[in-house]
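Next come the chains, spelled out residue by residue.
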Amino acid sequence: MKLKVIDELVERSLNGDKLSIARLISMVEGADEYAPYVMEKIFPHSGKAYYIGVTGPPGVGKSTTVDRLIATLCKNQYSVGVIAVDPSSPFSGGALLGDRIRMHVQHDKMDVFMRSMSSGRVMGGLARTTKEASRILDACGKQVIIIETVGVGQSELDIAEATDTVVVILTPESGDSIQIMKAGLMEIADIFVINKADRPGAEDIFLSIQGMLGRTLLKRDWDPLIFLTSAANNQGIEALYEGIWSHYRYLQQNSKLEERRKRQLSQELRSQIENEFAQILWKDVLKKKDLCRIVDDLWQRRADPQNMARKIVEELLADFGQSGRLRKGS
Amino acid sequence: MDRKIKVVIAKLGLDIHWRGVYLVAQYLKEAGMDVVYLGNKFPAEIVEAAIEEDADVVGLSSLSGNHLSLGPIVVDMLREKGLHNVQVFMGGVMPPEHAKRLEKEFGIQKVYLPDTPMEEIISGISTAVKNARLTGPVSYEIKSD
């Protein structure tokens, strides 16, 4: 019965009904028990859109830049989906999502669906949820998907795994070249943007990024582009827009896009397998073990964690060999 | 499905007073809700955000006298678009009799006037959302059999 309701939601979403699309996203976001069923229905319709990731430190103007890109995309008759991720409080789990403040979408003239997400709300990892949510938008007819996250640590790697083109935004105040090298943004960027370029120091950071890109052992056949913009003043956006599409055209040559997406799918499959295994392990297998007693052994220094873990896994595998499968439950 | 409460909160129209709305947003966040803050927005944009965000609650801050003109429009537009489950709350400065009218005649769930304890706002929102989720129309809210 419930599957029928979901079938109808999916049907209406594919026809562009915003309420239904919003509800489907909520389901994958909250790791609803029917979320896998939703993705089963949605996935075959996805894979047509162009995925752009936008990341960078807080306060560099990501949302403003995205707002300008949306306007430019819409002017060129594209329909756009946006997923904007903001961090959530590690204490309350709540979040203040402020990306929409900068967004000025004229809904009568522009075909845009924008969704805010808190990083803590996404069960099963940021990468998985943003991917699934953007696939829903893709399947429902959005031609360009923009995923925006704050680049502090893991999230920029996740965005690289979920998108075709990664845009890293910095400002003249983003620090010297060592700071940027530390941040791990160098490896994932296809395009650099130095926003707020009307401020002093823009030229310096431009040169230091250019210099660093030249001094690397990484073999790349795409040379990352660097753009100077001032998004709030709508300057440099057209050039950035063209730059993004030039990366897309590059991807389309020699089936680079296919290569990149296959690599991402294989990575996704791997982590999903690990995820499934972990769930089975914790839910069905290890609950039989007396973990408290084992921890006590560790505490008393009768065993060490590394060898204990190995012993447990070996026992499980022996079990597996006997029964032909991991014995569930009892 | 036990989802976190999602609140879309905005300063209504051209209202520039930000302290109250920031404070409420901050407290709701600390109460574990996801708060989407829109800044200054007019009813059409607020409703659009509520649709896309799959919001449980719309919160409107009004201190400039537009509560009776713009507040009811938000409620009407939400219902028109099929969002029958979204609870609309208001906060700000207005004559208490206006607040009563908004609640009685215009479908505002509750108006919180100055000096309302924050706990009252948090529990008011939580309770309204819980009730709405229990009684919401089946066509939109997915229910287990």
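Above this text is the structure in question.
Rules behind the numbers
Residues numbered from 1 in each chain as written. Chains lettered and ligands numbered in written order. Predicted model: local features only at pLDDT ≥ 70, side-chain atom pairs only at ≥ 80, totals over all residues. Heavy atoms only, no water. Helix = DSSP H or I, 4+ residues; strand = E, 2+ residues; numbered from the N terminus. Buried < 20%, exposed > 50% of the residue type's maximum accessible area, 1.4 Å probe, protein only. Contact = heavy atoms within 4.5 Å. Areas by Shrake-Rupley, 256 points an atom, 1.4 Å probe, with all protein chains shown as cover. Lys, Arg positive; Asp, Glu negative; His and termini not counted. Charge placed at Lys NZ, Arg CZ, Asp CG, Glu CD. 1 Å grid on protein atoms, 1.4 Å probe; cavity = no way out; pocket = protein on both sides within 12 Å on 5 of 7 lines; lining within 4 Å. Points joined across faces, edges and corners; volume = space filled by probe spheres on them. Nonpolar A, V, L, I, M, F, W, Y, C, P; charged D, E, K, R; others polar. Pairing = 2+ DSSP bridges. Axes fitted to C-alpha atoms, helices over the stretch in contact; angles between N-to-C directions. Buried area = accessible area lost by both parts, 1.4 Å probe. Salt bridge = Lys/Arg side-chain N within 4 Å of Asp/Glu carboxyl O. Core = buried A, V, L, I, M, F, W, Y, C linked by side-chain atoms within 4.5 Å. Parallel < 35°, antiparallel > 145°, perpendicular 65-115°, else oblique. Left-handed = near helix turned anticlockwise from the far one by under 90°. Patch = residues over 30% accessible without salt bridge, like charges linked within 9 Å, V, L, I, M, F, W, Y side chains within 5 Å.

**Considerations on the overall build of chain A**
Tallying secondary structure elements over chain A gives 12 helices and 8 strands in all. Seen along its three principal axes, the alpha-carbon backbone of chain A occupies a region of about 65 × 50 × 45 Å. A buried classification covers 50% of the 330 residues belonging to chain A. If you take every contact in chain A between residues at least 6 apart in sequence, the share linking residues at least 24 apart comes to 76%. A total of about 16700 Å² of accessible surface is found on chain A, and carbon and sulfur atoms cover 53% of it. Averaging the locations of the 44 positively and 44 negatively charged side chains of chain A gives two centres separated by 3 Å.

**A look at empty space enclosed by the protein**
In this approach, a probe sized like a water molecule rolls over the atoms, and the result shows the empty space that is left. Applying the stated rule across the entire model yields 3 cavities of 30 Å³ or more. Put simply, the largest cavity is a space of about 140 Å³. When contributions to the lining of the largest cavity are tallied by element, the ones reaching two or more residues are strand S4 (112-118) of chain A together with strand S2 (34-41) and helix H2 (43-53) of chain B. Per element, the largest residue contribution to the lining of the largest cavity is 4 residues, and it comes from H2 of chain B. Residue composition of the lining of the largest cavity, grouped by class: 6 nonpolar, 2 polar and 5 charged. The volume enclosed by the second largest cavity comes to roughly 40 Å³.

**Looking at the environment of Leu225 of chain A**
Residues and elements named next belong to chain A. Mapped onto the elements of the fold, Leu225 is located in strand S8 (residues 225-228). With 34 residues separating them in the primary sequence, Leu225 and Ile191 have C-alpha atoms 4.8 Å apart. When neighbours within four sequence positions are excluded, Leu225 is seen to be in contact with Asp190, Ile191, Phe192, Gly243 and Ser246.

**Re unusual backbone geometry**
Positive phi is not limited to glycine here, since Ser255 of chain A has a value of about 45°. Relative to the helices and strands, Ser255 of chain A resides in the loop between helix H9 (237-252) and helix H10 (256-285). Although it is not a glycine, Asp115 of chain B sits at a positive phi angle of roughly 75°. The residue Asp115 of chain B is located in the loop between strand S5 (110-112) and helix H5 (118-135) in this model. Residue class for Asp115 of chain B comes out exposed when judged on its relative accessible area of 80%.

**Overview of the sheet that holds strand S4 (residues 87-92) of chain B**
With parallel pairing, 6 strands are arranged side by side in an open sheet as S3(A)-S2(B)-S1(B)-S3(B)-S4(B)-S5(B). The outermost strands of the open sheet, each flanked by one partner alone, are strand S3 (95-97) of chain A together with S5 of chain B. Shown here is a sheet whose adjacent strand axes are inclined to one another by a mean of 25°, direction ignored. The sheet contact formed by strand S1 (residues 6-12) of chain B and strand S3 (residues 57-62) of chain B spans 5 bridges and is parallel. By the bridge assignment for S3 of chain B, Val8 of chain B is matched with Val58 of chain B. The sheet contacts of H2 of chain B involve S1, S2 and S3 of chain B, and relative to S1 of chain B the element is tilted by about 170°.

**A look at the interface of chain B and chain A**
In this assembly, 32 residues from chain B lie in contact with 33 residues from chain A. Of the roughly 2900 Å² buried at the junction of chain B and chain A (both faces included), carbon and sulfur atoms supply 52%. Between Arg100 of chain A and Glu53 of chain B there is a salt bridge; the shortest N-O distance is 2.6 Å. Of all the secondary structure elements, the ones that give two or more residues to the side of chain B that touches chain A are helix H1 (19-30), S2 and H2 of chain B. Looking at the side of chain B that touches chain A, its residues break down into 12 nonpolar, 5 polar and 15 charged. Pairing of S3 of chain A with S2 of chain B, which is carried by 3 bridges, proceeds in the parallel orientation. Along S2 of chain B, the bridge assignment pairs Ala95 of chain A with Asp34 of chain B.

**Looking at the nonpolar core**
Residues and elements named next belong to chain A. Core analysis: the biggest nonpolar cluster contains 47 residues, and Leu24, Ile25, Ile42, Ile136, Val168, Phe192 and Ile209 have the highest contact counts within it. Among residues more than four places away in sequence, those in contact with Ile136 are Ile21, Leu24, Ile25, Val28, Met39 and Ile42. Ala84, Ile169, Ile237 and Tyr250 belong to the second-largest nonpolar core, a separate cluster that totals 35 residues.

**Here's the deal with the packing of helix H1 (residues 2-14) of chain A against helix H2 (residues 18-29) of chain A**
All names here are of chain A. Contact geometry for H1 and H2: axes closest at 8 Å, N-to-C directions at 125°. Of the possible angle classes, the one that applies to H1 and H2 is oblique. When you trace H1 past H2, the crossing you get is left-handed. Contacts between H1 and H2 involve Ile6, Leu9, Val10, Arg12 and Ser13 from the first element and Ser20, Ile21, Arg23, Leu24 and Met27 from the second. Looking at the contact of H1 with H2 residue by residue, the class counts come to 6 nonpolar, 2 polar and 2 charged.

**Here we look at a nonpolar patch on the surface**
All names here are of chain A. Together, Leu269, Ile273 and Phe277 line one region of the surface with nonpolar side chains, adding up to about 310 Å² of accessible area. For Leu269, the position within the fold is in helix H10. With a relative accessible area of 53%, Leu269 lands in the exposed category.

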